[in-house]
Amino acid sequence: IAREVARKLLEIDAVTLRPKEPFTWASGLRSPIYCDNRIVLSYPGIRNLIKNALVAKSMQFNPFDIVAGVATAGIAHGALLADALDKPFVYVRSKAKAHGRQNMIEGKVIAGQKALVIEDLISTGKSSLAAVRALKGAGIFISGVLAIFSYGFPHAEKNFSKENIPFDVLTNYDNLVSEAISSQYISKTEGRLLSEWNAQPSAWYDKYFSKYNT
């Protein structure tokens, strides 16, 4: 399923690979990959594939009482999963509202419940773990975090381990690169360039990019 999900994400440009024309992330990092899993929602067949894969993967986190989506991209996928499992759904904002009840968690939660947190993408794990901390602050126990895609950065593994939170993904960076080469979306040379970025993302542009464009 990991390879199939990776293939579908590439087919619909939910993940775009540009090893020779890097993107600039909001953080300023230069990257050969850009991921936007919101696009999945526009393709019913692939949306159902993702939903069913989330259902299957979620079983490893049982028991849990509620599904919690991480705003904003995790909301729709979390809601689809909650509907498929017939479980309550809430979502967690990146910060509390500045007006009204000033909620950070939207939806009904009861202290003592167990939650499965749904994210679309894990890079460092920062947004997922912020949601985890907000839920814990409301007295919710965390069964785990489940995402569609991960870059596979060691920093994310360390962050989740430090918080003692288990997590899993439907597919990851290695699956994606392998599928991209297999489907001839990219060449093997470009695949090596992508692997180099994944190993040293902060140093990659200065150290490697220029030599592939001479």
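Figured I'd write up the structure that's included with this text. No experiment lies behind these values; they were computed from the predicted model shown.

1. Quick look at unusual backbone geometry
- In this model, Asn 62 is joined to Pro 63 through a cis peptide bond whose omega is 0 degrees.
- As for its placement among the helices and strands, Pro 63 is situated in the loop between helix H2 (44–58) and strand S5 (66–70).
- Of note, the amide linkage connecting Ala 71 to Thr 72 takes the cis form, showing an omega dihedral of -5 degrees.
- With respect to the helices and strands, the residue Thr 72 is situated in the loop between S5 and helix H3 (73–85).

2. Overview of the packing of aromatic side chains
- According to the stated counting rule, one finds 10 aromatic pairs in the structure shown.
- With centroids separated by 5.6 Å and ring planes inclined at 40 degrees, the aromatic side chains of Phe 23 and Tyr 34 adopt a geometry described as tilted. Residue Phe 23 is found in strand S2 (residues 23–24), and its partner Tyr 34 is found in strand S4 (residues 33–35); the two are separated by 11 residues along the sequence.
- With relative accessibility at 15%, the residue Phe 23 sits in the buried group.
- Here Phe 149 and Tyr 151 contribute two aromatic rings whose centre-to-centre distance is 5.4 Å and whose plane-to-plane angle is 85 degrees, an arrangement assigned as edge-to-face.
- Phe 149 gets classed as buried once you look at its relative accessible area, which sits at 0%.

3. As for the sheet that holds strand S9 (residues 141–150)
- Spatial ordering of the open sheet is given by S7-S6-S5-S8-S9-S10, a layout of 6 strands whose pairing is mixed. One side of each edge strand has no neighbouring strand; the edge strands of this open sheet are strand S7 (105–106) and strand S10 (167–172).
- With 4 bridges connecting them, S5 and strand S6 (residues 89–92) associate as parallel partners. For Val 70, the partnering residue across the bridge sits in S6 and is Val 92.
- With respect to the sheet, H2 is in contact with strand S8 (114–122), S9 and S10, its orientation differing from that of S10 by roughly 145 degrees.
- The strands touched by helix H6 (residues 173–182) are S9 and S10; relative to S10, the strand with the most contacts, the crossing angle is about 10 degrees.

4. Observations concerning the environment of Ile 148
- Relative to the helices and strands, Ile 148 is located in strand S9.
- Among the residues examined, Ile 148 registers a relative accessible area of 0% and is labelled buried.
- Distance from Ile 148 to Pro 201, taken between C-alpha atoms, is 21 Å for residues 53 residues apart in sequence.
- Leave out the neighbours within four places in its chain, and Ile 148 touches Leu 9, Asn 37, Ile 50, His 77, Glu 119, Asp 120, Val 169, Leu 170 and Thr 171.

5. A look at the nonpolar core
- If you look at the biggest cluster of nonpolar residues, it comprises 41 residues, and the most contacted ones within it are Leu 17, Ile 33, Phe 149, Tyr 151 and Trp 197.
- Not counting residues within four places of it along the chain, the set of residues in contact with Phe 149 comprises Ile 33, Cys 35, Asn 37, Asp 120, Leu 121, Ile 122, Val 169, Thr 171, Asn 172, Tyr 173 and Leu 176.
- Within the second largest apolar cluster, 22 residues are counted, among which are Ile 66, Ile 122, Ile 142 and Ile 165.

6. Section: the side chain of Ser 150
- By the secondary structure assignment, Ser 150 is in strand S9.
- Looking at Ser 150, the relative accessible area reads 6%, which means it is buried.
- A polar contact is formed between the side chain of Ser 150 and the backbone nitrogen of Gly 152, at a distance of 3.0 Å.
- Those residues in contact with Ser 150 that lie beyond four places of it in its chain are Ile 122, Val 169, Thr 171, Asn 172 and Tyr 173.

7. What to know about the pattern of salt bridges
- On inspection of all chains with the given rule, the structure shows 7 salt bridges.
- For Lys 8, the salt bridge identified is with Glu 11, shortest N-O distance 3.5 Å. Taken together, the positions of Lys 8 and Glu 11, both in helix H1 (residues 2–11) and 3 residues apart, correspond to about one turn of that helix.
- Between Glu 163 and Arg 133 there is a salt bridge, with its nearest N and O atoms 2.7 Å apart. With Glu 163 in the loop between helix H5 (154–162) and S10 and Arg 133 in helix H4 (residues 126–137), this pair connects stretches of sequence that are 30 residues apart.

8. Structural notes on H1
- Residues Val 5, Ala 6, Leu 9 and Leu 10 constitute the buried set of H1. Angular distribution of buried residues about the axis of H1 spans 135 degrees; they occupy a single face of the element.
- Lining the buried residues of H1 we find strand S1 (15–17), H2, S9, S10 and H6.
- Looking one or two residues past H1, Asp 13 carries a phi angle of roughly 60 degrees, positive in sign.

About the thresholds
- Residues numbered from 1 in each chain as written.
- Predicted model: local features only at pLDDT ≥ 70, side-chain atom pairs only at ≥ 80, totals over all residues.
- Heavy atoms only, no water.
- Helix = DSSP H or I, 4+ residues; strand = E, 2+ residues; numbered from the N terminus.
- Phe/Tyr/Trp six-rings, centres within 6.5 Å; stacked < 30°, edge-to-face > 60°.
- Buried < 20%, exposed > 50% of the residue type's maximum accessible area, 1.4 Å probe, protein only.
- Pairing = 2+ DSSP bridges.
- Contact = heavy atoms within 4.5 Å.
- Axes fitted to C-alpha atoms, helices over the stretch in contact; angles between N-to-C directions.
- Core = buried A, V, L, I, M, F, W, Y, C linked by side-chain atoms within 4.5 Å.
- Polar contact = N/O pair within 3.5 Å; in protein donor to acceptor, adjacent residues only side chain to side chain.
- Salt bridge = Lys/Arg side-chain N within 4 Å of Asp/Glu carboxyl O.
- Arc of directions from axis to C-beta.

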